[in-house]
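# Chain and residue survey
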Amino acid sequence: MYELRFDANKCLRCPTQGCLTRCQYMDIDRDTAREEIGKIARGEDSFVLHDCVTCYACEEYCPMNNHPFYLIVERQEELNLPPLPRPLIQRGINMGVPFRGEPAIEEVNGRALLMGAFADHMFLIQGRLFEGLPVISDDPRKMFHYFCQLMYLHYARMSVINERLPKVIETISRHNVTEVVCFHDECYGAYNSYCPAMGIEVPFKTVHFFEFLYHRLLELKERIKKVNLKVAYQRPCSSRLSHNKHLFVQDIFNLIGAEAVPRKYVDEKALCCGGTIEGQRRKGSRKRALEVQERNISDMAEAGAEVCVFNCPACYQTMSHLVAEKGIKPVFMSDLCRLAIGERPEGWR
């Protein structure tokens, strides 16, 4: 029903083949990149389909806006080359079924916060930053009705996304929302990157969570007291789908007096949390994930970071204890913002 808007001729005209030559997990020169992306475009097998860690970054690296990562995932599914073991894939697909029972539909008639599949993280949505903002997915028993399904890119199951996501959009629309603030990068990426790439209509406006936090902080600027912390930001895979919003990370840090330490693995060169790598079918995947995490966290520590800032709950679950072992305090961005306006998040010392 939906077809990826990919143009093979754009790849042939590409001056850099940056989607693959810039990959941080595969060492690919320009000639090889041109050859392999050509194979993938023609529906043929390629070592890229086997070695991809599904970090999403090639979507950001592509200078032609031609959706190379979505193409890779589509081919992995077509050629039956799943990056994860099949039992894990089936368990994940079964977990994310969005239509068990009926959601409780309350009309919003305006802006609302979408927690997606993270209703159990409502503890992060407290204080003045969120006053007057209704939440339409705050019940953990019903949260999969609002799950954007984009996680299944890691599973090479675009067919599942394409089947379920339009129905999720329909459920959200039933709340009569005009503007949706997306708690997670994945949801924002689903509605602003994946949907346009697949021709899926989104009838409401979406706002990135960090953009929302930044403008709320501006409204509360008189309450801000500089936090004076040296911070490192753990950029999640899904942020690659909304790289034009990544600038709000530094904007928030500047506003609240947080110093982003100079790092090697930052911004476009950011390393993923390693969670998906660890579970992949590829031989040595667990060791590889540990190596990626060690490089990433050592980079933070050597740069003098006191705090590691997260937005993705999956990244937090994977890395928080590891950064803590290095003496770096893990904290969610919303809690760091609350600290700046004089509120003390639970567990902060």
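Because the structure is a prediction, the values reported are computed rather than measured.

Among the five residues in strand E1 (residues 110-114), four count as buried, and that is most of the element. Pairing analysis gives five bridges linking E1 to strand E2 (residues 177-182), with the strands arranged parallel. From the neighbouring strand, Gly-110 faces E2, where its bridge partner is Val-177. Handedness of the crossover joining E1 and E2 through helix H8 (residues 158-173): right-handed.

Bringing the sheet that holds E1 into the picture now. An order of E1-E2-E3 is seen for the three strands of this open sheet, with the pairing classed as parallel. Of all the strands in the sheet, the pair left with one neighbour each is E1 and strand E3 (205-208). Put simply, the sheet's adjacent strands are angled 25° from each other on average, direction ignored.

Split by domain assignment, the protein resolves into domain 1 (8-78), domain 2 (110-212) and domain 3 (222-340). At the boundary of domain 1 with domain 3, total buried surface from both sides reaches about 1,400 Å², with 48% on carbon and sulfur atoms. Taken together, domain 1 and domain 3 are joined by four salt bridges. For Glu-60, the salt bridge is made with Arg-235, and the minimal N-O distance between the two is 3.1 Å. Secondary-structure elements contributing two or more residues to the side of domain 1 that touches domain 3 are helix H4 (47-51) and helix H5 (57-61). The element that contributes the greatest number of residues to the side of domain 1 that touches domain 3 is H5, accounting for four residues.

Strands sit in the order E5-E4-E6-E7 across an open sheet of four strands; the sheet is parallel. With one partner strand each, in any of the chains shown, strand E5 (258-260) and strand E7 (329-332) form the two edges of the open sheet. Each strand of the sheet is rotated relative to its neighbour by a mean of 40°, with strand direction disregarded. Bridge count between strand E4 (residues 229-233) and strand E6 (residues 307-310): three bridges; the pairing is parallel. Within the sheet, the bridge partner assigned to Ala-232 lies in E6 and is Cys-308. Together, E4, E5 and E6 form the strand contacts of helix H11 (residues 247-256), whose direction differs from that of E5 by roughly 140°.

Here Arg-240 shows up in the loop between E4 and H11. A residue is classified by how much of its surface remains accessible, and Arg-240, at 5% relative accessible area, is buried. Of note is the side chain of Arg-240, whose polar atom sits 2.9 Å from the backbone oxygen of Ala-270. In this structure Arg-240 touches Gln-24, Cys-55, Tyr-56, Ala-57, Glu-60, Tyr-61, Arg-235, Asp-267, Glu-268, Lys-269 and Ala-270, once residues within four positions along its chain are discounted.

Let us look at the packing of helix H13 (residues 285-302) against helix H14 (residues 313-325). Running from amino to carboxyl end, H13 crosses H14 at an angle of 50°, the nearest separation of the two axes being 11 Å. Of the possible angle classes, the one that applies to H13 and H14 is oblique. In this structure, H13 crosses over H14, and the sense of that crossing is right-handed. Here H13 contributes Gln-293, Asn-296, Ile-297 and Met-300 to the contact with H14, which in turn contributes Thr-318, Met-319, Leu-322 and Val-323. Of the residues contributing to the contact of H13 with H14, the split by class is five nonpolar, three polar and no charged.

Next up on the list: the environment of Ala-33. Mapping Ala-33 onto the fold places it in helix H3 (residues 30-41). With relative accessibility at 1%, the residue Ala-33 sits in the buried group. Along the chain, Ala-33 and Cys-19 lie 14 residues apart, while their C-alpha atoms are 8.2 Å from each other. With near-sequence residues (within four places) excluded, Ala-33 lies in contact with Gln-17, Leu-20, Thr-21 and Ile-28.

Counted under the stated rule, the structure contains 15 aromatic pairs. Both rings, one in Phe-130 and one in Phe-209, keep their centres 6.1 Å apart while their planes meet at 10°; by these two values the pair is stacked. Of this pair, Phe-130 sits in the loop between E1 and H8 while Phe-209 sits in helix H10 (residues 209-219), placing them 79 residues apart in sequence. No difference in accessibility class separates Phe-130 from Phe-209, as the two residues are buried. Centre to centre, the rings of Phe-130 and Phe-212 are 5.9 Å apart; their planes meet at 25°, and the pair counts as stacked. Of the two residues, Phe-130 sits in the loop between E1 and H8 while Phe-212 sits in helix H10, which places them 82 residues apart along the sequence. The same class applies to Phe-130 as to Phe-212, namely buried. Here a set of aromatic residues connected by ring pairs shows up, and it is made of Phe-118, Phe-130, Phe-183, Phe-209 and Phe-212.

Reading the values: the criteria
Residues numbered from 1 in each chain as written. Predicted model: local features only at pLDDT ≥ 70, side-chain atom pairs only at ≥ 80, totals over all residues. Heavy atoms only, no water. Buried < 20%, exposed > 50% of the residue type's maximum accessible area, 1.4 Å probe, protein only. Helix = DSSP H or I, 4+ residues; strand = E, 2+ residues; numbered from the N terminus. Pairing = 2+ DSSP bridges. Right-handed = clockwise from strand over helix to strand, strands pointing away. Axes fitted to C-alpha atoms, helices over the stretch in contact; angles between N-to-C directions. Domains from an automatic or database assignment. Buried area = accessible area lost by both parts, 1.4 Å probe. Salt bridge = Lys/Arg side-chain N within 4 Å of Asp/Glu carboxyl O. Contact = heavy atoms within 4.5 Å. Polar contact = N/O pair within 3.5 Å; in protein donor to acceptor, adjacent residues only side chain to side chain. Parallel < 35°, antiparallel > 145°, perpendicular 65-115°, else oblique. Left-handed = near helix turned anticlockwise from the far one by under 90°. Nonpolar A, V, L, I, M, F, W, Y, C, P; charged D, E, K, R; others polar. Phe/Tyr/Trp six-rings, centres within 6.5 Å; stacked < 30°, edge-to-face > 60°.

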